[in-house]
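Structural description and commentary
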Amino acid sequence: MVVYRIRVPTGTSLCAGSNNQVQLWLVGQHGEAAAGTRLRPTRGKEEELKADVRGYLGPLLLVKLPKRRLLQDDVWSSVQEPGNSGDEFRFPCYHWVEGDDVLSLPEGTGRTVVDDPQGLFKKHREEELEKRGKLYRRGNWKEGLILNVAGNKLCDLPADERFLEDKRIDFETSPAKGLADLAVKDCLNVLTCWKDLDNFNQIFWSGQSMLAEWVRDSWKEDALFGYQFLNGTNRMLLSAPSSSGRLVLPPGMQELQAQLEKELQGGTLFEADFFLLDAIANVILCSQQHLAAPLVMLKLQPDGKLLSMVIQLKLPRVGSPPPPLFLPTDTPMVWLLAKCWVRSSDFQLYELQSHLLRGHLMAEVFAVATMRCLPSIHHIFKLIILHLRYTIIRVRTGLGSDMGVFNQVVSTGGGGHVELLKRAGAFLTYSSFCPLDDLADRGLLGVKSCYYAQDALWLWEIISRYVEGIVNLHYKTGVAVKDDLELQSWCQEITEIGLQGAQDRGFSVSLQSRDQLCHIVTRCIFTCTGQHSSIHLGQLDWYTVPSALCTIWLPPPTTKDATLETVMATLPSFHQVSLQMSITWQMGRYQPIMVALGQHKEEYFSGPGPKAVLKKFREELVVSDKEIEIRNAKLDMPYEYLQPSMVENSVAI
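Residues numbered from 1 in each chain as written. Predicted model: local features only at pLDDT ≥ 70, side-chain atom pairs only at ≥ 80, totals over all residues. Heavy atoms only, no water.

The next thing to look at is the overall build of the protein. When its secondary structure is counted, the protein shows 18 helices and 19 strands. The 653 residues of the protein split such that 58% are buried. Taking contacts inside the protein between residues at least 6 apart in sequence as the whole, the part at least 24 apart equals 75%. A total accessible area of about 27,100 Å² is found for the protein, and carbon and sulfur atoms account for 54% of it. (Helix = DSSP H or I, 4+ residues; strand = E, 2+ residues; numbered from the N terminus. Buried < 20%, exposed > 50% of the residue type's maximum accessible area, 1.4 Å probe, protein only. Contact = heavy atoms within 4.5 Å. Areas by Shrake-Rupley, 256 points an atom, 1.4 Å probe, with all protein chains shown as cover.)

Shown next as structure tokens:
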């Protein structure tokens, strides 16, 4: 007789555990056997049992978990099943078991098809991917966009993609709190008319963010206006031009032309171009909305400040007079109104291009490809799965849905948001997701006052070393990468299916070397962690009112005679502004239930090698965190969005 000692911990989620019985089967290289005693898993408890088996099963390969449904159906979440018969075998689960399902858990050592020449796991891999292919079907959220998972409601998600109860409760109750506050403010201010810019203080959510309050008090300042392009939450717009671009100077502006040329030659001229917004017209709630497509030319000063030189709100048209140019020397209200138009345009591109498309929808492409192409026994699945958690479907069922916020209060609602996403999709290049390439292309590598650039490059290198450590443990040569058919399928699924053919934008359809594999995996993890956090965390700081307006009621100005009355008539309604504040609070607030980058408790790998690599990764994150904290203590405005302790382990909201 051979005795196997088995421990079965059950998760601590509120709905973990089962009223039904679970039978364990041990599957070894030489046979399989039932573990004897049936389990009735209990939340947060660990079951221990012994299995007396007539003969030695050989090295353990799998644990099977047939779950029987008695009076009612439920789900069960088990953490792992270590077995011990001299050697210890770990079988990571982290999975909901529903109905009368039979779950097969492979031993925690990562394996590719090449690592399994005897085909011991062949059937398991094929069955798992076939089942996942049915659960994670590709579908169009909106025609013409990149492909994500089929389904438009949270209930369409597989159980493993839904929030656990504690996070779900917080996610569902926070909008209720925001809407309750909105209702109170609407009632108290139902007869309020905007007469002065200070009226916005009536609906400002004080006490939520010190930086947000600082922005509220300083939003008119030119230095803060320029700072946002460097270190705000939408830094994808700023670039160093090779010329004055589409800026058209009317006669009599030779002095400005000379200044622009001087800054261009000195390498200190930058531009922020909102051309994607051109000719997007919308009607929401039966009201015409107005958009501009501004071009902002800025100069970088020796002290690191970025100051605007000129703003052009419209694209020049052939056969039409040049659009007016707005300058810092204009009257305060004229200049302020031009900046308000820029910030409103920035709000549109931030929420749709930077946040939704480049953050959530891209992460969903990675997540669906991973679930469809990589079995749970695969090294790369084990490496990235925790960085894909809670990624699928969430934001597009809220902000961008037919009855979402965009269709109620945002200039690009009512269909314009879909058109903008289609246009922005053409600029989803591979290099734009890699900080070093992206910053070099935009001329920002040497800008010392761009703290985003410093922290993004640092975090990318830390993640890259972590990925290299895991990859080099399991792929000894480039040939091993090329021969991994599951990995090749994953790469092809991302580029050809999810991104609908992005080869012309630099995305690969195959992997030829370990370096290429490391780079692509690093890109996936960085996009879902650091990049998303750097975009997401600052919403409450930078996209409240009046510094960034969700919509504007009057067309872009064509003359320079704006007064305070003109500015106030341009602003959105009290209700629209209040709803914007409510949403930015909900989306940008600190999440009470979060896992910081690299601090996950789940262990998908077995063996000392991966644990040592993870330990080093965590140590490097701690060093980076402390260095950023020391630097921030010397800054008037700390940059915290890429501080590892603030970066979430996945796109989890």
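Now that the structure has been shown, we can carry on.
Moving on, we get to unusual backbone geometry. Of note in the backbone geometry, Ala-279 takes a positive phi value of approximately 65° without being a glycine. By secondary structure assignment, the location of Ala-279 is in the loop between strand 14 (269–273) and strand 15 (282–284). At Gln-500, a residue that is not glycine, the phi angle is positive and equals roughly 55°. Position of Gln-500 relative to the elements: it lies in the loop between helix 13 (485–498) and helix 14 (514–536).

Another aspect to go through is the packing of helix 6 (residues 332–373) against helix 13. Where helix 6 contacts helix 13, the two axes come as close as 9 Å, and the packing angle between them is 140°. In this view, helix 6 runs oblique relative to helix 13, as classed from their interaxial angle. In this structure, helix 6 crosses over helix 13, and the sense of that crossing is right-handed. Within the contact between the two elements, helix 6 uses Val-365, Phe-366, Ala-369, Thr-370, Arg-372 and Cys-373 and helix 13 uses Glu-486, Ser-489, Trp-490, Glu-493, Ile-494 and Gly-498. Residue composition of the contact of helix 6 with helix 13, grouped by class: 6 nonpolar, 3 polar and 3 charged. (Axes fitted to C-alpha atoms, helices over the stretch in contact; angles between N-to-C directions. Parallel < 35°, antiparallel > 145°, perpendicular 65-115°, else oblique. Left-handed = near helix turned anticlockwise from the far one by under 90°. Nonpolar A, V, L, I, M, F, W, Y, C, P; charged D, E, K, R; others polar.)

Here we come to the sheet that holds strand 5 (residues 60–66). Reading across from one edge, 3-2-5-10 is the order of the 4 strands in this open sheet, with antiparallel pairing throughout. Pairing within the sheet leaves two strands with one partner each, and these edge strands are strand 3 (31–34) and strand 10 (102–106). Ignoring strand direction, the axes of neighbouring strands in this sheet form an average angle of 20°. Bridge analysis of strand 5 against strand 10 gives 5 bridges, and the strand direction is antiparallel. Paired with Pro-66 across the bridge in strand 10 is Val-102. (Pairing = 2+ DSSP bridges.)

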